[in-house]
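# Close look at the chain arrangement
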Amino acid sequence: MSASGPPNPAAAFYSGSRAAQALGATLRAIDSLAPAWGTRAALRLFFTPLPWKFTMRSGLASPWAVTSWPFEGVSIAAYRRGDVEPGRPVVLLVHGWAGGGLQLRAIGDALAAAGFDPVLLDLPAHGRSGGWRSTLPQFTRALHAAMSRLGPLHGVVAHSLGALAALHMAARGLPVQRLVLLAPSAPPAAFLRWFAGSFGLADSVPERMRERIETVEGVPLAEFEPDWLGPRIVQPTLIVHDEADRVAPFAAGQRLAHAMPNASLHATRGLGHRRVMADPAVALEVLRHLR
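None of these values were measured; they are calculated from a predicted model.

## Considerations on empty space enclosed by the protein
Per the stated rule, a full pass over the model turns up 3 cavities of 30 Å³ or more. Here the largest cavity defines a volume of roughly 310 Å³. Forming the walls of the largest cavity are 21 residues, and the residues nearest its centre are F46, W97, L161, P188 and F191. When residues of the lining of the largest cavity are traced back to their parent elements, those giving at least two are α4 (136-150) and α6 (188-198). Of all the elements, α6 adds the most residues to the lining of the largest cavity, at 3 residues. Its residues assigned to classes, the lining of the largest cavity shows 16 nonpolar, 5 polar and no charged.

Following this line, the structure appears as structure tokens:
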């Protein structure tokens, strides 16, 4: 746990309300009686974006239009401007956990004005996309699916957990020229510990959760650690992170910047975790990096 972050960043998603306290008591009871069922119950909650995706279905103003693609038995939604002519460099914009593609609309508008073709993506179980639960490995597969639709990308702009998915995609060799990471999340192993701690679960729970995720998804969570990702990222990368981010500690951005040979860290103040997506000064930094 980073000294630069709050005691438990997972509290941003799982607050100390009475409902959360009751849920924690239920999870602890199940785990004490049947650890295997306790692990499954914890994962079911861990994989559910909160608040639910309906909160991210904001109005869609022209010239933005939504389309959808089939993906793993559901559909994923993407937003594109109808006034952008074909042939422009494509930039994919990716939200984080419990977010939505339209959170990045301000940066998308700035990119369109600068001559790019921005595409905002709703990841599985988020926004207008199908499903109710998702995982970080599924995020990466969704980015692969988007790439197959859009072709080689000039850039990817990704927020929070979406930033880790974008890094994993690039580390696996998918064609993208430049990366922008907004408030990148801490690695999933750390968040599993924070999640368990927020509900007072036993210390063994996050490790059991990790083993189950790796078994089902077929991807070691170590592949989302800076030490694994960093040497495999050759693209010029801009990391924008607020020093007082209470959800993704600033130290997470520092670790990534240190691990990647072509990364630069742009620190902000007063924007927190989500306002970095709508700040005009941040949008300008993104444009400078992608041009």
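## Description of the layout of surface pockets
Roughly 240 Å³ of internal volume is contained in the largest pocket. Lining of the largest pocket is provided by R40, L43, R44, F47, R133, S134, T135, R212, I213, V216 and E217. Listing elements by their share of the lining of the largest pocket, those giving two or more residues are α2 (35-46) and α7 (204-217). Broken down by element, the residue count for the lining of the largest pocket peaks at 4 residues, all from α7. Here the residues of the lining of the largest pocket sort into 4 nonpolar, 2 polar and 5 charged.

## Brief notes about the sheet that holds strand β8 (residues 263-268)
The strands that make up a sheet are held in pairs by hydrogen bonds between backbone atoms, and each pair lies either parallel or antiparallel. On the basis of which strands lie adjacent, the open sheet formed by 8 strands has the order β1-β2-β4-β3-β5-β6-β7-β8 and mixed pairing. Edge positions in the sheet fall to β1 (64-71) and β8, since each of these pairs with one other strand and no more. Strand after strand, the sheet turns through a mean of 20° between neighbouring axes, direction not considered. Sheet analysis places strand β7 (residues 237-242) next to β8, joined by 6 bridges and oriented parallel. Residue V240 lies in a different strand from β8, and its bridge partner there is H266. Helix α5 (residues 161-171) contacts β3 (90-94), β5 (153-159) and β6 (176-182) of the sheet and is inclined by roughly 145° relative to β5.

## A short note on the side chain of R88
With respect to the helices and strands, the residue R88 is situated in the loop between β2 (74-81) and β3. Excluding its chain neighbours within four sequence positions, the residues that come into contact with R88 are A112, G115, F116 and D117.

## Here's the deal with the pairing of β5
Counting buried residues in β5 gives 7 out of 7 residues, a clear majority hidden from the surface. Sheet analysis places β3 next to β5, joined by 4 bridges and oriented parallel. Note that in β5 the partner of L92 across the bridge is V156. Here β5 runs beside β6; their pairing, made up of 6 bridges, is parallel. Residue pairing for β6: V156 is matched across the bridge by L179. Crossover handedness for the path β5 to α5 to β6: right-handed.

Rules behind the numbers
- All residue numbers refer to position in the chain's written sequence, counted from 1.
- With pLDDT at 70 or above as the cut-off, local features in this predicted model cover only qualifying residues; side-chain atom pairs require 80 or more to be listed or tallied, and sums for whole chains, interfaces and linings still use all residues.
- Only heavy atoms go into the side-chain values, all of them from the structure, while hydrogens and water stay out.
- Cavities and pockets are found on a 1 Å grid laid over the protein atoms alone: a cavity is a set of points where a 1.4 Å probe fits but cannot escape, a pocket is an open set with protein on both sides within 12 Å along at least five of seven lines, and a lining residue has an atom within 4 Å of such a point.
- Grid points are joined across faces, edges and corners, and a volume is the space filled by probe spheres set on the points.
- Put simply, DSSP marks the helices as runs of H or I at least four residues long and the strands as runs of E at least two long, and each gets a number from the N terminus on.
- Residues are sorted three ways: Asp, Glu, Lys and Arg are charged, Ala, Val, Leu, Ile, Met, Phe, Trp, Tyr, Cys and Pro are nonpolar, and all the rest, Gly among them, are polar.
- In this description, strands pair whenever DSSP reports at least two bridges between them.
- Axis definition: a line fitted to C-alpha atoms, over the contacting stretch in the case of helices. Angles run 0 to 180 degrees between N-to-C directions.
- Residues count as neighbours in contact if any of their non-hydrogen atoms are within 4.5 Å of one another.
- Exposure classes here rest on a 1.4 Å probe applied to the protein chains alone. A residue is buried below 20% of its type maximum, exposed above 50%, and partly exposed in between.
- Looking down the strands as they point away from you, a crossover is right-handed if its path from the first strand over the helix to the second goes clockwise.

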